[in-house]
Amino acid sequence: MNTATMTPPMIFDGHNDLLTRLWLSSAADPVHDFIHGTLPGHLDLQRCQQAGWLGGLFSIFLPPYGYVKNNHPDKLTNPENTDFTPQEIVDIYCAQLQLAHALQAESNGQIQICTSVAQIIHCQKNNQLAIVLHVEGAEFLAIQPELLDTFYAAGLRSIGPLWNRKSLFGDGLNAAFPHSPDTGSGLTDAGKDLVVTCAKKGMLIDVSHMNERAFWDTLEITNQPIVATHSNAHALCPQARNLTDPQLSAIKERGGMVGVNFDVAFLRADGQRNIQTALDVIIDHLAYLLEHLGDDHVGFGSDFDGCLLPESLSDVRDMDKLLARMQQRNFSEALINQIASENWFRVLEKIWH
Ligand SMILES: [Zn+2]
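Structure report, in brief. (Residues numbered from 1 in each chain as written. Predicted model: local features only at pLDDT ≥ 70, side-chain atom pairs only at ≥ 80, totals over all residues. Heavy atoms only, no water.)

1. What about the overall build of the protein?
Along its length, the protein carries 15 helices and nine strands. The globule rule puts the C-alpha radius of gyration for 353 residues at 20 Å, and the 19 Å found for the protein is close to it. Taken over the C-alpha atoms alone, the protein extends approximately 60 × 45 × 40 Å along its principal axes. For the protein, the proportion of its 353 residues judged to be buried stands at 59%. (Helix = DSSP H or I, 4+ residues; strand = E, 2+ residues; numbered from the N terminus. Rg over C-alpha atoms; globule rule 2.2 N^0.38 Å. Buried < 20%, exposed > 50% of the residue type's maximum accessible area, 1.4 Å probe, protein only.)

Printed below as a string of structure tokens:
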């Protein structure tokens, strides 16, 4: 294929942690910095536009307490405490939701929170950044369940009920290496209720941080396509966060989707946090997932702003290197377009009703 004649695809991405990074930022006005292209990290508006990065699922996330205490003690009401207070937990989720709305409000029409595929495609045509709101780990709903409706009204359309820690909704996932994803018991009754309620609302249920039992529970109590927004193939990297072949078969059967995660620890066969990781390792995971899921069920789930990237993928602008390498590895233009955005559009269309 002639690289020069290929139109660069617009990339829609299954997962990033920008909103959490904005919340953690010590800058005076991180929203302004994002919009005006001076924010450090993997993403800002100008770099996204340069990269043809249309947007994706933007995660609202409660970081581990120890991480916040050690690195951002100013974000805590009392650094002498040993864990978040319930009020802090609620406030952290609400603050990140507000940051997403501030991005939209202050962007002069360049950033749009989207709740339909039609809106995302409208953004694509108008060179706007499309934000789909996602929650990773739903601890705030254990404290104030009524906030689900508030967040839904504010645009939330995707939820991963569990993160790695234990909560009211279930055991988290112990992201051990090497380890199978079977790291604890599955969804609690409250977890099942939450999944069923969110699925009824037409929200995407993300299984990326579910341990194996919670994954199978979700399959049993919903009938929507099963989506792992940012996970890789366990056969290539035996990290508990990655998906086994039987899980991939179940995702395929349900018409679901996997977004490939660029974090080196979830890519490498040795599980090391080593940035000297070739782009080809990402392509190997894509190829494996394509083989097991089919062309319609694989996309990107970069984990930008929340992961350790391979050194040749320093930020979103290097997506062109990855796309070029996919071409060199004989991915057709049609397949690249599917992976870059179309598969996400198809699965979101099916889930959001
Ligand atoms: Zn994650």
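Right, picking up where we left off after that structure.
2. Quick notes on the nonpolar core
Of all hydrophobic cores here, the largest spans 95 residues; its most connected members are Phe34, Trp53, Leu103, Phe262, Phe300 and Met326. When residues of this core are assigned to their parent elements, the largest contribution, nine residues, is made by helix 5 (residues 86-105). Not counting residues up to four positions away in its chain, the partners in contact with phenylalanine 34 are Leu18, Leu22, Leu39, Leu43, Asp44, Leu45, Leu103, Ile111 and Leu129. Counting residues in each nonpolar core, the second largest holds 18 residues, with Leu54, Val132, Val347 and Leu348 among its members. (Core = buried A, V, L, I, M, F, W, Y, C linked by side-chain atoms within 4.5 Å. Contact = heavy atoms within 4.5 Å.)

3. Let's talk about the pattern of salt bridges
Counted according to the given criterion, the structure contains 13 salt bridges. Lysine 201 serves as the salt-bridge partner of aspartate 149, at 2.8 Å between the closest nitrogen and oxygen. Placement of the pair is aspartate 149 in helix 8 (residues 147-153) and lysine 201 in the loop between helix 9 (189-200) and strand 6 (204-205), with a sequence separation of 52 residues. The partly exposed category is assigned to aspartate 149, whose relative accessible area is 48%. Looking at lysine 201, the relative accessible area reads 23%, which means it is partly exposed. (Salt bridge = Lys/Arg side-chain N within 4 Å of Asp/Glu carboxyl O.)

4. Topic: unusual backbone geometry
Between phenylalanine 177 and the following residue, proline 178, the backbone shows a cis peptide bond with an omega angle of -15°. Here proline 178 lies in the loop between strand 5 (156-160) and helix 9. Its identity as a non-glycine residue notwithstanding, aspartate 303 has a phi of 70°, on the positive side. Within the secondary structure, aspartate 303 sits in the loop between strand 9 (298-300) and helix 14 (319-328). Owing to a relative accessible area of 5%, aspartate 303 belongs among the buried residues under this scheme. Look at asparagine 330: it is not a glycine, yet its phi comes out positive at around 70°.

5. Considering helix 9
Over its twelve residues, helix 9 runs 16 Å from end to end, which matches the ideal 16 Å to within 8%, given 1.5 Å per residue. For helix 9, every residue scored as buried is listed here: Gly191, Leu194, Val195, Cys198 and Ala199. Here the buried residues of helix 9 occupy an arc of 125° about the axis, which is enough to place them on one side. Those residues of helix 9 that are exposed and aimed more than 90 degrees away from the buried face are Asp189, Asp193 and Lys200. Those residues of helix 9 that are buried lie in contact with helix 7 (139-143), helix 8, strand 5, strand 6 and helix 10 (212-221). One or two positions beyond helix 9, positive phi appears at glycine 202, with a value near 80°. (Expected span 1.5 Å × (residues − 1). Arc of directions from axis to C-beta.)

6. Digging into the coordination of the zinc ion
Protein coordination at the zinc ion: the donors are Glu136 (OE), Glu136 (OE), His209 (NE2) and His230 (NE2), at 2.1 to 2.8 Å from the metal. Metal-centred angles of 47 to 123° between the four donor atoms at the zinc ion mark the site as irregular. Mapping the donors of the zinc ion onto the primary sequence gives the spacing E-x72-H-x20-H. In this pair, glutamate 136 is assigned in strand 4 (residues 129-136) and histidine 209 in the loop between strand 6 and helix 10, connecting sequence segments 73 residues apart. Here histidine 209 falls in the buried class, since its relative accessible area comes to 6%. (Donors = N, O, S within 2.8 Å, 3.2 Å for Na, K, Ca; no water. Tetrahedral: all angles 85-135°; square planar, octahedral: opposite > 155°, others 65-115°.)

7. A few points about the environment of tyrosine 65
Position of tyrosine 65 relative to the elements: it lies in helix 4 (residues 65-71). It is 24 Å that separates the C-alpha atoms of tyrosine 65 and glutamate 146, two residues lying 81 residues apart in sequence. Polar contacts involving the side chain of tyrosine 65 include one to the main-chain carbonyl oxygen of asparagine 81, which spans 3.2 Å. (Polar contact = N/O pair within 3.5 Å; in protein donor to acceptor, adjacent residues only side chain to side chain.)

8. Some thoughts on the environment of asparagine 71
Checked against the element boundaries, asparagine 71 lands in helix 4. A C-alpha to C-alpha distance of 9.0 Å links asparagine 71 and leucine 24, two positions 47 residues apart in sequence. Among the polar contacts listed, one links the side chain of asparagine 71 to the backbone oxygen of tyrosine 67, at a separation of 2.8 Å.

9. Things to note about the side chain of histidine 297
Assignment of secondary structure puts histidine 297 in the loop between helix 13 (279-293) and strand 9. Overall, histidine 297 belongs to the buried group, its relative accessible area being 12%. Side chain to side chain, histidine 297 and arginine 346 meet in a polar contact 3.2 Å long.

10. Description of the packing of helix 13 against helix 14
Closest axis-to-axis distance for the helix 13/helix 14 pair is 10 Å, and the angle between their directions is 60°. One way to sum up the angle between helix 13 and helix 14 is to call them oblique. For the crossing formed where helix 13 meets helix 14, the hand is right-handed. Across the interface between the two elements, Leu279, Asp280, Ile282, Ile283 and Leu286 from helix 13 touch Lys321, Leu322, Arg325 and Met326 from helix 14. (Axes fitted to C-alpha atoms, helices over the stretch in contact; angles between N-to-C directions. Parallel < 35°, antiparallel > 145°, perpendicular 65-115°, else oblique. Left-handed = near helix turned anticlockwise from the far one by under 90°.)

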